[in-house]
Amino acid sequence: MSSWFGGLGSGLGQSLGQVGGSLASLTGQISNFTKDMLLEGTEEVEAELPNSRREEIEAIHSVLRSENERLKKLCIDLEEKHEASELQIKQQSTSYRNQLQQKEVEISHLKARQIALQDQLVKLQSAAQSVHSGAEGVPATTASSSFGYGVSHHASAFHSDDMDFGDIIWSQQEINRLSNEVSRLESEVGHWRHIAQTSKAQGTNNSDQSEICKLQNTIKELKQNLNQEIDDHQHQMSVLQNAHQQKLTEISRRHREELSDYEERIEELENLLQQGGVTGIGVADHSKIHEMQKTIQALQTEKVESAKKLEEVEDRLKDINKKLTSVENERDVLKREQELLNVEKTQIIEECERLKLECSKLQPYVMKQSDTVTEKDSLLPQRTPAEEVFGLQPVTDAGNEIMRLGSLNQDDSLIEDNLKLKEHIQDLEKEKSLLFQEKEELQISLLKLNNEFEVIKNTATKDMNLDSELQDLRLSLEAKEQQLSQSITEKDILVTELEELDRQNQEATKHMILMKDQLSKQQNEGESIIRKLKQDLDDEKKRICQLEDEKMNITKELGVQNEKLIQSQLVLNNLHSTKQKLEDKVGDLGDELNKLQSNNLNIQKENVELKEFIRKNEDELSRVRNELTQSLKQDSDSNFKDNLLKEREAEVRNLKQNLSEMEQHNENLKKLAFDLKMENEKLVLECEDIRHQLEESVAGSNQISLEKNAIVEALRMEKGQLEVELCQVKKRLLEEANKYEQTIGELSNARNLNGSTLQLENENLIKLSHEKDFEISKLKKTIEQLDADHKETKEILLSSLEEQKQLAQLINEKEIFIEKLKGQSSELQEKLDINTQSLRRNENVQQTIEDKDRMLASMKEENNHLKEELERLREQQSRTTTMAEPKTLDIIMELESEISQLNIIKSTLEEEIKHHQKIIEDQNQSKMQLFQSLQEQKKEMDEFKYQHEQMNATHTQLFLEKDEEIRNLQKTIEQIRTQLHEERQDIQTENSDIFAETKVQSLNIENGSEKHDLSKAETERLVKGIKERELEIKLLNEKNISLTKQIDQLSKDEVGKLTQIIQQKDLEIKALHARMSSASYTQDVVYLQQQLQSYALEREQVLAVLNEKTRENSHLKSEYHKLMDIVAAKEAALIKLQDENKKLSTRFESTGQDMFRETVQNLSRIIREKDIEIDALSQKCQTLLTVLQTSNTGNEVGSVNSNQFEELLQERDKLKQQVKKMEEWKQQVMTTVQNMQHESAQLQEELHQLQAQVLVDSDSNSKLQVDYTGLIQSYEQNETKLKNFGQELAQVQHSIGQLCNTKDLLLGKLDIISPQVPSEPSVVSQSAESLRAVESDIPSESSKLLQQEIEELRKSLQEKDAAIRTLQENNHRLSDSIAATSELERKEHEQTDSEIKQMKEKQDVLQKSLKEKDLLIKAKSDQFLSLNENLTNKVNENELLRQAVTNLKERTLILEMDICKLKEENEKIVEISRGKETECQALQETNTKFSMMLREREFECQALKEKALAFEQLLKEKEQGKTGELNQLLNTVKSMQEKTVMFQQERDQVMLSLKQKQMENSALQNEVKHLRDKELRSNRELQRLRNHLLESEDSYTRDALAAEDREANLRNKVTVLEEKLVSSSNAMENASHQASLQVESLQEQLNVVSKQRDEAALQLSVSQDQVKQYALSLTNLQMVLEHFQQEEKAMYSAELEKQSQLVGEWKKKAENLEGKLVSLQERLDEANAALDSASRLTEQLDLKEEQIEELKKQNELRQEMLDDVQKKLMNLVNSTEGKVDKILMRNLFIGYFHTPKTKRQEVLRLMGSILGIKKEEMEELFHDDQGGVTRWMSGWLGGGSKSVPNTPLRPNQQSLLNSSFSELFIKFLETESHPSIPPPKLSVHGMKPLDSPGRTKLATNVPQSFKDTAESRTSRRADVNPFLAPRSAAVPLINPAGLGTGGPGHLLFLKPISDVLPTFTPLPVLPDNSAGAVLKDPFFLKQ
């Protein structure tokens, strides 16, 4: 608990500290700000006051906004901390509960031990009782029963508690309960000990039993009392817990209320700020600004006060936290003590157990010893509970203290706590004294025990063990005494802590007093603010007067306009009324028409029904007539039927008359309907005319109203502004009033808490608050006046709102129009896409012409570019959503302008499409022209070739010229290439960009499906972009035209040259013709022929050259294309390089510092190298000097070598070169330094840019925060709406439930009221009876034949007629008797009918009401469903909003993170920039030093150069022989060197000093400037302070005077108020007196009313009695009626039974007749069926006969066909007999040579079998080895030449075989080469195998015999080889003798020639047709 309290206290302290700190900082800022504003305000002139105030207000606005944001953040932090603290509390509570559970477990263990002890006690008691003679056992369940409570109570107490305090309290209760039980057990032990002692003394006295009973009773009573007390304690604890929970809830509620108040205040301030931002314009707003300033000051003061209050609360909380910590420490100490006591308790229990064991040992020895042991046992539990009580009481006290401290959090009454603590100390002291008493008692008991032990020692020496036990007990006693002393010391510590708490309390009271002093000061400040507010009110009143004057003028104008509007409205109303009347008329006429139409329909239906009825009657008539005629023939006596006929005819006549009447009625109705239709049409026309008039009038009135509205809106805008200002003033005043009331309430609460010392201050403050209340009431009155003034303006605003709605509708229409336009634009875009596709298709065709391709490509790219821009703009649209709400008129104008712009864009797009189409058409035309030109060129080329053939002479020269021309052309082409190259670079760069953009845009087109409205700015951008694109297109077109011109010029030049060449050729041809005409023609011809030959050769050469040239040309073209590609690639590479350069530049900027360092290092290296070089040079100079000196000393004049001179010269040259290098290095260094400076400048610029970006980001962040707050507000609004919807839903459900209840009630009533209609007696119709009676007398006899049955039926009919007559007579009699009875019944029925009608009417009413209720229920259910749907939608919206809120939160977090990162980066960049600046300064310094060093080095170099020159001169002189001069010169050189060194040093020092002085000077100048600025500022501040002092003195004097005046006024007001109080008290007394009088009068009235009620009750009882009597009489009447009805029913039932018997008899007879009729009908049906079947059979027979005849005809036809076919076949057989197929023989011949020699005989046999050679002849041929082949070949070739069958060879034909095989073969070829008819080809698949015996139909037309032949032909095909083709010799179909052995007469089956070979059955062909005709035959095809 201590940690929890600590955490809570620290959390609250921190949060409140933060709030206080923030408020303090806010107040500090505001105070500083006000000071600055005052200082600046004194400086400015009075004329510039409004601007300055505006600026001040704006600044205040910004400060307040920032503060508000900060406060919001603080609120959020506090909420988070609150949640965290709650979580901590929960965790701690869980931990405490766990601890408590552990404690409970321990307690349960202890209980178990206690129970064990009790059992032992019971045993001991039983032992003790056994000693007594008359003692009886007491049940041992006394203790256990008392312990049963503990467990259950424990469980319930623990689980029911929710708070940690409850847990602690429960533990305390448990401890108390246990202590009580321990004390009870002690008392029981003492009681039993007493009984044991008495048993010793008295022995066997039965009087103890009565005492035992009494004691047991007392024990029970005590137990009951204990239980009651425990219950009371529990009740008290629950009450305390409830109170604590209530307090906690109140605190949390207060906290929430305060939070909500703060939020409301913040929102109000924000609203004020926004309103201030809107209405902060104009010169007339000075007073408003002044008011704003005052309100801000008031708010500041309130903030200061709230900050102070918060500080007070923090101090209090700190004090409480301190107290809590101290109490927690105390509790921890007590817990430790408790633990120690528990340990001791366990030890004591163990000791007790040991003692008991020893007692059990000692019992058999001595009875006395047992008595002593029991005394010890009783002593031990006496001690333990006392100690336990001592240990547990402080714990309970600590718990009470914690509860008190918990209540301290709510109440600040520390004094009461002090008193309670003092009382607690007193209680502790009392407990201490009690403990001392107990200790003394224990000592006495110890002494007694010692005495007893001495006695035991004397009596029994065996009891030595008891002494050791006693010693142990003594030791434990001593330990207990030590513990007592420790507890006493702890009590002392507690006392000291209480004293410290008292001191803290005193300090807190002092602090409170100080706070009250501060509050009084703040009140004084509040009074000054109120004065200022009064002044502001006066100013406002003046302005209100001005506004009222303006309002009067406006109202006058409005009145004039209202009159005009009223007139127009009257006109409109008249028109509307006329229109409504006409519509009513039309409706009435329509209703009438509908009625007539319905009547007409009904009449028509009736007509149809009547017609049907007439038809039925006619049918019946016809039947009856037929029957009558039959009966007349049969019988003569048919008078009865005539009568029937007459009756029927009369009925028919009546029906016809009715029909005619109905028709007349129908015609009349039709006429009426036609008239009504005519009238209706007229009325419709009139309605349309009136509507037109109305529309015109409405249009006119709309125009007038629009003009008026424009004027009225301007006035309303001004009024609206004024209203807004007034509302702001009202809000401010109300807020201030509320704030003051709150402060007064808080002060009053604070004063009530504190004692009597603060009462005087309270009274003063109350008086001040009363004064303020009066001031507020005055202000409220002024506000009410303002409200009354501005109600009229509100009404005007409402009308303007309606107009705005109309405008919004217009806007919606415009938006719809815009959407339509967008749709059109999308369609146009689709068309554009289609055009682009067609262009792409054309590209394949355009590849032939490169120039046109380029044109098209450029156009396409431009088009794509435009598309990309459009799509970009659309994307921008999708990103940017318009936030601001548009003003009505401005929006309409903007929308109209947008529509016009969209139309323009549409038109431009259409024009572009047309333009593209034209371009495509032009291109197509140009292609066609180019094709034509190509064809023409081809023709020309042909002509040129022809001319070249004629004139080859001059071609050589021409080709030389052409070579030159080609060279020139190549040069020109190269020039053109360069030009084109330059132009193409530009074009391609553009094109590449465009293509890249097109790709991107195409992707964007696919992705971007969202389309938003084009804003005005975006449409303007579109238009601009389109114009720019048009300009680009024009430029590109011009370029293209220029290029095409150039190309055309080139082609023209070439064509011109070619034409010149052709003309020259023509001239040469003419010259040649002239020569030809001359005399030397013959010679020239020969010469020319020779030349022609040579020219032909040359021409070939030229053509070859030409081909080469064309190849070269094509090669050049390809090279040109390659170059273009290379150029494009280079351009791409260039672009890449530029990008890389940019990247490198960025890297170099980042690595600027490294560059600086590197440059510095390089410079230092260079300088070191130079130093080294200079040292080397100086060394060389010294060596030279030494050489010279040595030469001087030696007096050798010419001893210096020329080599040394040369070396010196070389060194000089080297030095010069080094000097040049040094200079170059210097320049490089300078340039690097300059670059560094430039880079630093760029970095600074970048820094500035980054800072700007950071500012922009912060602005965007603030906007996002604002948006987020807005979203949260909207979310809260949605939640409120949801709640409202839920309430509405609940209401609807309630109403539905009520409706359902009402419905159930109504249904119940209906069930009760359902009428019991009495059933009339059923009278059987006469006709039915007669019919049934007729059917009864027929005898039941069945005849076999039909005629007999018919005669019997006729007889039965006659009998039936007789029976009918008799029945009619009986009926007449019955009807007379029934008529008499029915009259009586009618009267009764009429009464019952009237009642039934009433009931029915009631039922109808109820049904109607039910229907209405049902409809209502349906409507409500529909509403309910709609509400449910709305609810679901709202829930979905809420979820979406929640998601959006979460997303926004995440975004804000991300943005905050980004901002933090950016800030950190900024700081880093700033630090880097500073470092760079410092480095730059250092570099500049080093640069200056380096420059100084360089100069020194230069001087040294110059000195060395001079030395070298001097040396050269000296050497020359030496050569001349002037040694003395050399020495002098050397001396002079030395002196000069020294001087130069000196001069250089001096110069360097001077330079350095100069630079230092310059730096100092600059520093001094800066300081001087700063000092001057400071002086100027100080002077200004002095002047300001002086002015401020003067003003402040003036203001103080004014304030003092005003305060005195106010004091006087206030005193007067106080007196007035006292008088008013007196008067009001008198009025109250009077009112109370009047109220008492009124009460008395009301009581009298009540008495009167009660009497009236009693009388009414008596009357009610009387009326109820009467009702009962009436009910009795009614029941009697009903009984009588029922009796009558029963009698009547009996009569009727008797008659009915008789009639039913008669009816039954008749029914039986009728059934018999019906059975006979059915049997007759069945026989009839059978006969009819037999007749039908016979007729069908005859029909079928006729059909079959016809079919047979047709088949016979077909047979005859087919027979004829067959005869023809047989004839044709015979002819074919005769013609084709013996012919062999050529292809077959060829295949066999080839196959013979292909087959191996061993198998060739098989091939020959095959051939022989085909040719019809017998096997024997074949074998003879094979035997003949020599001439076998030739014989076979000759026979084959000789016989095969003609289509005659081969016959076997004869002996006289052997001579032919001697001729050669080649000759025979040639003959065979000649015979075969002559054309013959080709053989018909049949498919192999068409042939059937031989084995298939079944027959197939070949064709439907072919007769059966022919089919058989065909099948026999194709019957042997199983062994067919399809390769071997289809012909063979065949046998004739018919036998030569004409006899048919195996077929039907005239036909035979065909036989194949051999089993192996395939056969081909030749078809019979007509002599006219060829083989083709045979193949084409359909029969053949089918086969």
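Predicted model only: the values in this text are computed from it and were never measured. In this numbering scheme, every chain counts its residues from 1 along its sequence in written order. Where totals are concerned, whole chains, interfaces and linings use all residues; where local detail is concerned, this predicted model gives features only for residues with pLDDT of at least 70, and gives and counts side-chain atom pairs only at 80 or more. Processing note: side-chain calculations cover all non-hydrogen atoms of the structure and skip hydrogens and water entirely.

**As for the pattern of salt bridges**
For salt bridges, the criterion is a side-chain nitrogen of Lys or Arg within 4 Å of an Asp or Glu carboxyl oxygen. In this structure the tally under the stated criterion is 25 salt bridges. The closest approach of N and O atoms between K1109 and D963, which form a salt bridge, is 3.5 Å. In this pair, K1109 is assigned in helix α16 (residues 1081–1150) and D963 in helix α14 (residues 955–1007), connecting sequence segments 146 residues apart. Relative accessible area decides the class of each residue, using a 1.4 Å probe on protein chains only: under 20% of the type maximum gives buried, over 50% gives exposed, and in between gives partly exposed. Exposure remark for D963: the relative accessible area of 24% places this residue in the partly exposed category. Its salt-bridge partner being R1653, residue D1654 comes within 3.6 Å of it at the nearest N-O pair. Beyond isolated ion pairs, a larger network of salt bridges with shared partners links E174, R177 and E181. The secondary structure listing takes helices from DSSP runs of H or I that are at least 4 residues long and strands from runs of E that are at least 2 residues long, numbered from the N terminus.

**A look at the packing of aromatic side chains**
Stacked, edge-to-face and tilted labels apply to pairs of Phe, Tyr and Trp rings (six-membered ring for Trp) whose centres lie within 6.5 Å, assigned for plane angles under 30 degrees, over 60, and everything in between, in that order. By the definition in use, this model includes 2 aromatic pairs. Between the aromatic rings of F1789 and F1793, the centroid separation amounts to 4.8 Å while the plane-to-plane angle is 80°, which identifies the pairing as edge-to-face. Linking F1789 with F1793, this pair stays in helix α22 (residues 1782–1794), spanning 4 residues, or about one helical turn. The class for F1789 is buried, based on a relative accessible area of 13%. Relative accessible area serves as the criterion here: at 45%, F1793 is assigned to the partly exposed category. Considering the side-chain rings of Y1792 and F1793, the 5.4 Å spacing of their centres and the 80° angle between planes classify their relative orientation as edge-to-face. Y1792 sits in the buried class, given a relative accessible area of 11%.

**With respect to the side chain of D789**
Tracing the backbone shows D789 in helix α11 (residues 759–846). Within the buried set, D789 has no salt-bridge partner at all; the shortest N-O distance to an opposite charge, 4.2 Å, is to K551. Contact criterion: two residues are considered in contact whenever any of their non-hydrogen atoms come within 4.5 Å of each other. Setting aside residues no more than four positions away along its own chain, D789 makes contact with I544, E548 and K551. A positive count includes Lys and Arg, and a negative count includes Asp and Glu. His and the chain ends are not counted in either.

**Brief notes about the nonpolar core**
What we call a nonpolar core is a set of buried Ala, Val, Leu, Ile, Met, Phe, Trp, Tyr and Cys residues that are connected through their side-chain atoms within 4.5 Å. L1784, M1785, L1788, Y1792, V1803, L1804, M1807, I1810, L1811, M1818 and F1822 together form the largest nonpolar core, which totals 11 residues. Contributions of two or more residues to this core are made by α22, α23 (1800–1811) and α24 (1815–1823). Element by element, the count of residues in this core is highest for α23, at 5 residues. Of all hydrophobic cores here, the second largest spans 10 residues; its members include L1188, L1208, F1511 and L1530.

**Some thoughts on a positive patch on the surface**
Only residues whose relative accessible area exceeds 30% and that take part in no salt bridge are eligible for patches, with like-charged residues grouped when within 9 Å of each other and nonpolar side chains (Val, Leu, Ile, Met, Phe, Trp, Tyr) grouped when within 5 Å. The Shrake-Rupley method, run with a 1.4 Å probe sphere, supplies the accessible areas, and residue values consider only the shown protein chains as cover. Here the site of a charge means atom NZ of a Lys, CZ of an Arg, CG of an Asp or CD of a Glu. A cluster of basic side chains, namely K541, K778, K781, K1613 and K1620, defines a positive patch on the protein surface. Note that K541 resides in helix α9 (residues 465–634).

**Examining the packing of α22 against α23**
Axis geometry follows a simple rule: fit a line to the C-alpha atoms, using only the stretch in contact for helices, then measure angles between N-to-C directions, giving values from 0 to 180 degrees. Taken N-terminus to C-terminus, the directions of α22 and α23 make an angle of 165°; their axes are 9 Å apart at the nearest point. When the axis of α22 is compared with that of α23, the two are roughly antiparallel. Read as a crossing pair, α22 and α23 show a hand that is left-handed. On α23, the residues that touch L1784, M1785, L1788, F1789, Y1792 and F1793 of α22 are R1800, V1803, L1804, L1806, M1807, I1810 and L1811. Note on angle classes: values under 35 degrees are labelled roughly parallel, values over 145 roughly antiparallel, values of 65 to 115 roughly perpendicular, and the remainder oblique. The hand of a helix crossing depends on one turn: near helix anticlockwise from the far one by less than a right angle means left-handed, and clockwise means right-handed.

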